[in-house]
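# Observations on chain architecture
The lines below spell out each chain.
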Amino acid sequence: MQRGDFKTEKISKLIMAQAIPLTIAQLVQVLYNIIDRIYLGHMSGEMESLPLTGVGLTFPIISLIAAFTNLFATGGAPLCSMARGAGNTDRAKKLEITTLFMQIMTGIACMIVLYLTKRPLLYLLGASSDTYKYANDYLTIYLLGTLFVTTGTGMIGFINLQGYPRKGMTYMMTGAIINMILDPVFIFVLNMGVKGAALASVISQLIAAILVLRFLFGKEAILQVSVKDLLKPTLSLVKEIVILGFAGFIMSATNCAVQAVCNMTLSNYGRELGDIYIGVMTIINSVREMIGLPINGITSGAQPVISYNYGANERTRVKQGIRFMAAVGVSYTAFMWLMIMIFPHGFLTIFSSDAKVIEMGRMPIIIYFMAFIFMSLQFVGQSTFVALGKSKQSIFFSLLRKVFIVIPLTLILPMFPQIGVMGVFLAEPISNFIGGIASCGTMYFTVYRKL
């Protein structure tokens, strides 16, 4: 089998070959922020949990950067993979070049706009007089690495679809290892606190981006990019990329909106309780990012394989890929649900040593994850739609779960005295249940059965 040929090997083997290194690469990517939170959550002294809460307030803004990154990454990569499957190498290369050009432009634009608006944004997101300093210190430095995020993270999929998932994993791991080394040095040894955490992330993201771009511009790449090519993007392809990538954008943008609404709602519970609950939500989001990685990995690993075979008109193999993706996703989420229900305290203590945060976080984390298994169904449905180029369906289900279910419930449920603040955490499992069944069910009846 030639490298990058997904038409002959066993489907499950192909997907796992993509998914395992991709999951590790994504884990490494998430570690950029999670390691920061772990160290900051265990800072001692009179600050207690405020540094962690301050960093948590920046989540919606970081998610917004991810949304614009995904706009082009999740649009360009599947189209490129389908073009390769159809044997149209020229179109595939043009898609890669155009995506990279847009990632560079997006990184620069996001950095400038967010830097100019960060103060009102942070207060809008629920910052108090106690937490603003930490949020501002972290975000001011973190934004300097926006371009490295859009080009590094945003282009990793183009390495994977060319049959080099291990290289993508290695590049992300290199950055994360550097981040793990720099974090304690900057935070504790140099006493830089949240500024040190942000600086460590920026440096490590820079290194990872350099490695990704070096591959794409290097001779080893099947779709090799040159500086000359980059100066001549095929702008007519931008519309196609954006239309398909809009689903990925919506998924990240709605995460941004949900995090913002959650923080704003929790901040209404007063200066002290509000800050503590925002800290709890920061921990829960961190746990979700960690345990959600294998789901992202398996669905992201399946996408280029499914797209390639769909482009090659191998419909039976497409169905095999969907079935395998669903089986692994459901099995994994069932296991992690059980772990959280049994050991909620253990997950909380990873990110905080504050007794009050741990005590107040036990019930919220149980409630938040009680329908976790249905999240895998949501991912399977949406990933299949994206892999087959059906952007409208994927966009709809992204909006359904987050915008039409989570956000209204986050605002409405806390109004009931019997539910109170727990309503903020209850909105997630309700949306997982409804969104998961709707997304996967629609995919089955409108796509799977017709293949």
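See the structure above.
Residues numbered from 1 in each chain as written. Predicted model: local features only at pLDDT ≥ 70, side-chain atom pairs only at ≥ 80, totals over all residues. Heavy atoms only, no water.

### What about the overall build of the protein chain?
Looking only at helices and strands, the protein chain features 18 helices and 0 strands. The C-alpha atoms of the protein chain give 21 Å as radius of gyration, which agrees with the globular expectation for 451 residues (22 Å, within 12%). Structurally, the protein chain occupies a C-alpha span of about 60 × 45 × 35 Å along its principal axes. Across the 451 residues that make up the protein chain, the buried fraction comes to 58%. For the protein chain, long-range pairs separated by at least 24 residues make up 83% of all intrachain contacts whose partners lie at least 6 apart in sequence. (Helix = DSSP H or I, 4+ residues; strand = E, 2+ residues; numbered from the N terminus. Rg over C-alpha atoms; globule rule 2.2 N^0.38 Å. Buried < 20%, exposed > 50% of the residue type's maximum accessible area, 1.4 Å probe, protein only. Contact = heavy atoms within 4.5 Å.)

### A word on the nonpolar core
Soluble globular proteins tend to bury their nonpolar side chains together. Counting 66 residues, the largest nonpolar core has Tyr138, Leu266, Val287, Ile291, Ile365, Phe369 and Phe425 as the members making the most contacts within it. Take this core: its biggest share by element is 9 residues, from helix α11 (residues 271-291). When sequence neighbours within four positions are dropped, the list of residues in contact with Phe369 reads Ile284, Val287, Arg288, Ile291, Trp337, Ile340 and Met341. Judged by nonpolar contacts, the second largest core, of 40 residues, contains Leu95, Ala221, Leu223 and Val386. (Core = buried A, V, L, I, M, F, W, Y, C linked by side-chain atoms within 4.5 Å.)

### Observations regarding the pattern of salt bridges
Applying the stated criterion across every chain, the model contains 7 salt bridges. Of the charged contacts in the structure, one is a salt bridge between Asp90 and Lys94, with a shortest N-O distance of 3.4 Å. Of the two residues, Asp90 and Lys94 are both situated in helix α4 (residues 89-124); the distance of 4 residues between them amounts to about one turn of the helix. Linked by salt bridges that have partners in common, Arg401, Lys402 and Glu428 make up one network. (Salt bridge = Lys/Arg side-chain N within 4 Å of Asp/Glu carboxyl O.)

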